[in-house]
Amino acid sequence: MIPSVLPTYNRAPFAFERGEGSWLITADGTRYLDLGAGIGVTALGHANPELVKALTAQAEKLWHTSNLYQIPNQQRLADLLVEHTFADTAFFTNSGTEAAELAIKMARKYWYEKGQPERVEIITFEGAFHGRSSAAIAAAGSEKMTKGFGPLLPGFVHLPFGDHEAVQKAVTDKTAAVLIEPIQGEGGIRPLPDACLKGLRDLCDSTGTLLILDEVQCGMGRTGRLFAHEWAGITPDIMMIAKGIGGGFPLGAVLATEEAASGMTAGTHGSTYGGNPLGCAVGARVMEIVADQAFLAEVSRKAALLRQRLEGLVAAHPDVFEGIRGQGLMLGLKCRLPNTDVVKAGYAEHILTVGAADNVVRVLPALNITEDEIAEAVARLDRAATTLVPA
Ligand SMILES: *Cc1c(COP(=O)(O)O)cnc(C)c1O
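Residues numbered from 1 in each chain as written. Predicted model: local features only at pLDDT ≥ 70, side-chain atom pairs only at ≥ 80, totals over all residues. Heavy atoms only, no water.

### Brief notes about the packing of aromatic side chains
Using the criterion set out here, one finds five aromatic pairs in the structure. For the pair Phe-14 and Phe-16, a centre-to-centre distance of 5.6 Å together with 70 degrees between the ring planes defines the contact as edge-to-face. Both rings, one in Phe-14 and one in Tyr-347, keep their centres 5.0 Å apart while their planes meet at 90 degrees; by these two values the pair is edge-to-face. Taken as a pair, Phe-14 in the segment before β1 (18–20) and Tyr-347 in helix α11 (residues 339–348) lie far apart in primary sequence, 333 residues in all. Positioned above the aromatic ring of Phe-156 is the side chain of Arg-108, whose terminal nitrogen or guanidinium carbon lies 5.5 Å from the ring centre. One cation-aromatic arrangement involves Arg-119 over Trp-111; the distance from NZ or CZ to the ring centre is 3.8 Å. (Phe/Tyr/Trp six-rings, centres within 6.5 Å; stacked < 30°, edge-to-face > 60°. Helix = DSSP H or I, 4+ residues; strand = E, 2+ residues; numbered from the N terminus. Lys NZ or Arg CZ within 6 Å of the ring centre and 35° of its normal.)

Structure (C-alpha cells):
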C-alpha cells in the first residue's frame, strides 16, 4: 500500500521536535549536531531568536495580501538585495526551482524583445542542479532527474562542467544565456575555478550572451562572501537565490540588472505567494545579519578552522575519505566508502551530514556555528569514521 506521504524520499528513521542553533533535538531529548542545516537553508541556525522575532512580529499583523498591492517588507528586502549586489531589481519566489523558471523565462524574453527571437538556447553543465520543475530538470538534463518525465522543454545545451573550450564552441547566434552554479552543490561540491568564471563572463560579454548564476546553495554568505561569484571579481546578469535567504522560511528570488530584466513588464510573470509579508520579514532580517562585513569575516574564520580540522580527519581516515573540497562553509568530503554509509555512521554518533553526487558527503553547517561546535562535530565524525574501518 502506498504510504500516505508520496514515497519520493529515502528518509532517515528519526524526526526532530525542536532546534537550537546548530542542534536538532528529538522528542526524547536526543541532541544531534546539524552539519546539514536543512541542505544549506537554516543559515543562521534553528529557531534563531532574531528570525523568530521578525516572523512572529509580522505574523501578528498580516500574513498575505497578494501582489495586487504594495508590500512594504518586499520593498525593503528588494532594496537590501539591490544595495548589496550587482542587481538593479528582484522578483521573489517561494523556492529555488521557481527562481530557475523565471531566470530561464527572463533570458528568452530579453532576446525576444531585442528582436532576436531565435536566441533561445541556454547552455548548462553536467552535474548541475537547478530544481525539480519541468524546466529545471530539462536545464540540468541528467537522466536521474529527467527519465520518464518527457517530453522535456527544449533549448538546453549540456556541456561538461568547466570545459571552457566546449562553451566557446557552443555559443552561437542562437544562444540566449549560460546558466551555471559557481559551486555545484547536489553535483558534489564542485567549485568552478575563478578563472573559469572570469572566462565565462568575458565570453558572454563578447557575444552578448546573458550570464545566469545559480547561487541557491552557494550564495547568502556560505563561502564567506555574500555571493560566491564575488571571489572571481565578476558579476552576472541574472542570479537565482533561495535556501539561505529565508533562513528556513520558503523564499527565493531572481536578481537581475536593469538591462537583463528589461523584457519583464507588467503581466509577464507572477506568483501568488512570492514576496509575501511573512517571508520577506524574515528574509530582510537574514540579509541585515548576513550582509554585514563583520559577520562574513567570522564565516571565513570559522570556515578556515573547520577546513583545517577536516583535513586532519581525512588524513586520519584514509580508508574512509579521499579528500576535501569546496569553499567557506560549503565543504565536501570525497569518500572512498559509499557516502551513504558515512552519513549513516554519522547518525549513530548523532551528527547530521548530507550526501551529494560523486560520492561526496556535504558539510553545510549554520553560518554561525561556534568554535566549540566545530570541535565537537569533527570529534563525532572521527568516531563515526572509526566505526566504519576499525583500527
Ligand atoms: C536546492 C537548489 C535548487 C532548487 O531549490 P528548491 O528550493 O529545492 O526548489 C536550485 N539550485 C540549486 C543550486 C540548489 O541547490
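Past the structure itself, the notes keep going.
### Focus on the domain arrangement of the protein
Accessible area lost upon the coming together of the parts is a frequently used measure of interface size. Here the protein is partitioned into domain 1 (18–47 + 294–388) and domain 2 (50–290). Contacts between domain 1 and domain 2 engage 28 residues on the former and 28 residues on the latter. Between domain 1 and domain 2, roughly 2200 Å² of surface is buried when both sides are summed, and carbon and sulfur atoms account for 64% of that area. Contact with domain 2 buries area across many residues of domain 1, yet Leu-296, Gln-327 and Met-330 alone supply 29% of it, more than any other trio. Here domain 1 and domain 2 share one salt bridge between them. A salt bridge links Glu-186 to Arg-362, with the nearest nitrogen and oxygen atoms 2.8 Å apart. Counting across the domain 1 and domain 2 interface gives seven residue pairs in polar contact (both at pLDDT 80 or more). (Domains from an automatic or database assignment. Contact = heavy atoms within 4.5 Å. Buried area = accessible area lost by both parts, 1.4 Å probe. Salt bridge = Lys/Arg side-chain N within 4 Å of Asp/Glu carboxyl O. Polar contact = N/O pair within 3.5 Å; in protein donor to acceptor, adjacent residues only side chain to side chain.)

### Quick look at α11
Since one α-helical turn is 3.6 residues long, residues separated by three or four positions face the same way. Among the residues of α11, Asn-339, Val-342, Val-343, Ala-345 and Gly-346 are the ones counted as buried. Mapping the buried residues of α11 onto a view down its axis gives an arc of 160 degrees, with all of them on the same face. Opposite its buried face, α11 presents the exposed residues Lys-344 and Ala-348, each directed more than 90 degrees away. For α11, the secondary structure elements touched by its buried residues are β13 (321–327), β14 (330–335), β15 (351–352), β16 (354–356), β17 (360–363) and α12 (371–388). The positive-phi residue at the C-terminal boundary of α11 is His-350, with phi of around 60 degrees. (Buried < 20%, exposed > 50% of the residue type's maximum accessible area, 1.4 Å probe, protein only. Arc of directions from axis to C-beta.)

### Details of empty space enclosed by the protein
Empty space among the atoms can be located by rolling a probe the size of a water molecule over them. Within the structure shown, the criterion is met by three cavities of 30 Å³ or more. Here the largest cavity is characterised by a volume of approximately 60 Å³. Every residue along the wall of the largest cavity is listed here: Pro-182, Ile-183, Pro-191, Leu-192, Asp-194, Leu-197, Ala-228, Trp-231 and Gln-327. Classifying every residue of the lining of the largest cavity gives seven nonpolar, one polar and one charged. There is about 50 Å³ of room inside the second largest cavity. If you go around the second largest cavity, the residues you meet are Phe-125, Gly-162, Asp-163, His-164, Val-167, Ile-180, Leu-192, Cys-196 and Leu-200. Among the secondary structure elements, those contributing two or more residues to the lining of the second largest cavity are α7 (164–170) and α8 (194–207). When the residues that make up the lining of the second largest cavity are grouped by side-chain class, the tally is six nonpolar, two polar and one charged. (1 Å grid on protein atoms, 1.4 Å probe; cavity = no way out; pocket = protein on both sides within 12 Å on 5 of 7 lines; lining within 4 Å. Points joined across faces, edges and corners; volume = space filled by probe spheres on them. Nonpolar A, V, L, I, M, F, W, Y, C, P; charged D, E, K, R; others polar.)

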